[in-house]
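Structure assessment
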Amino acid sequence: MAIVAGAIHTGRLPAGKDPGAVSFRELPFLNMQDGGEGEIFVIGKDDRGNDIYALSIKGERGMPHRLVESFLRIYKIPRGNLLMVDSGVGDNFFLLAGRLLNRAGLLAALGRFFTYTGIKKMYGELTRLSAGVRDGLGKSLD
């Protein structure tokens, strides 16, 4: 979900309307077979030149925030130089089924369908999150 939110934020996916399953498969960093837990994905730059990254976290979601805040404090990096956003979007039945089926070779096509359906169900929420972050960036970093 973090990757999809980042792609909406950078304009790689359209805000507010269903981009279609083909658009998801065309994103080079959206690997439908693996959740990519712990991997940092470079999404691109937004229209203000901010670098946008996504990190998939499973389990204890607060730990990366504390780790990054400690890093910023230790190296005396101003807090305004980095904004971390938790999509707060958990998995739904379709995403869970899609993740399982994507790993099952012959059932990968069905897994992609379930994954796409799960993302589609959350797409409006991710679009609203992205718009809120973009508005907040305009106020705090410009």
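Residues numbered from 1 in each chain as written. Predicted model: local features only at pLDDT ≥ 70, side-chain atom pairs only at ≥ 80, totals over all residues. Heavy atoms only, no water.

1. Section: the overall build of the protein chain
A tally of helices and strands in the protein chain yields five helices and two strands. Reading the helices (α) and strands (β) of the protein chain from amino to carboxyl end gives α-α-β-β-α-α-α. Counting only residues that meet the buried cut, the protein chain has 33% of its 142 residues in that class. For the protein chain, long-range pairs separated by at least 24 residues make up 55% of all intrachain contacts whose partners lie at least 6 apart in sequence. Of the roughly 8,700 Å² that the protein chain leaves accessible, carbon and sulfur atoms contribute 58%. (Helix = DSSP H or I, 4+ residues; strand = E, 2+ residues; numbered from the N terminus. Buried < 20%, exposed > 50% of the residue type's maximum accessible area, 1.4 Å probe, protein only. Contact = heavy atoms within 4.5 Å. Areas by Shrake-Rupley, 256 points an atom, 1.4 Å probe, with all protein chains shown as cover.)

2. Examining the pairing of strand 1 (residues 40-45)
Regular strands have side chains that alternate between both faces of the sheet. Two strands pair when backbone bridges link them, and strand 1 and strand 2 (residues 51-55) are joined in this way by five bridges, in the antiparallel orientation. Bridge pairing in strand 2 links G44 to I52. With antiparallel pairing between neighbouring strands as the criterion, strand 1 and strand 2 make up a hairpin whose turn holds five residues, including G49 at a positive phi of roughly 85°. (Pairing = 2+ DSSP bridges.)

3. Focus on the pattern of salt bridges
One pass over the structure, following the stated rule, counts two salt bridges. A salt bridge links K45 to D51; the nearest nitrogen and oxygen atoms lie 2.7 Å apart. When its relative accessible area of 45% is taken as the criterion, D51 is described as partly exposed. Close ionic contact of R134 with D47 constitutes a salt bridge, the shortest N to O distance being 2.7 Å. Within this pair, whereas R134 is found in helix 5 (residues 108-140), its partner D47 is found in the loop between strand 1 and strand 2, the two being separated by 87 residues in sequence. For R134, a relative accessible area of 21% gives the class partly exposed. (Salt bridge = Lys/Arg side-chain N within 4 Å of Asp/Glu carboxyl O.)

4. Here's the deal with helix 1 (residues 2-10)
Counting buried positions along helix 1 yields eight of nine residues, so the element is predominantly enclosed. Buried within helix 1 are the following residues: I3, V4, A5, G6, A7, I8, H9 and T10. Immediately downstream of helix 1, the backbone of G11 shows phi near 90°, a positive value.

5. Considering the environment of Y123
Tracing the chain through its elements places Y123 in helix 5. Under the relative-accessibility criterion, Y123 is labelled buried at 5%. Each C-alpha atom of the pair Y123 and M1 lies 9.0 Å from the other, and the pair is 122 residues apart in sequence. With near-sequence residues (within four places) excluded, Y123 lies in contact with V4, I8, L13, P14, G16, K17, P19 and F24.

6. Comments concerning unusual backbone geometry
Not every positive phi belongs to a glycine, and K76 is a case in point at roughly 50°. Residue position: K76 is located in the loop between helix 3 (62-74) and helix 4 (93-102). Accessibility expressed as a relative area gives 73% for K76, which makes it exposed.

7. Digging into the nonpolar core
Among the nonpolar cores identified, the biggest contains 13 residues, and V4, I8, L13, F24, I119, Y123 and L126 are the most heavily contacted of them. Of all the elements in the fold, those that place two or more residues in this core are helix 1 and helix 5. With five residues, the single largest contributor to this core is helix 5. Not counting chain neighbours up to four residues away, the residues in contact with L13 comprise V4, A7, I8, P19, S23, F24, L27 and Y123. Counting residues in each nonpolar core, the second largest holds five residues, with I3, F41, I43 and A54 among its members. (Core = buried A, V, L, I, M, F, W, Y, C linked by side-chain atoms within 4.5 Å.)

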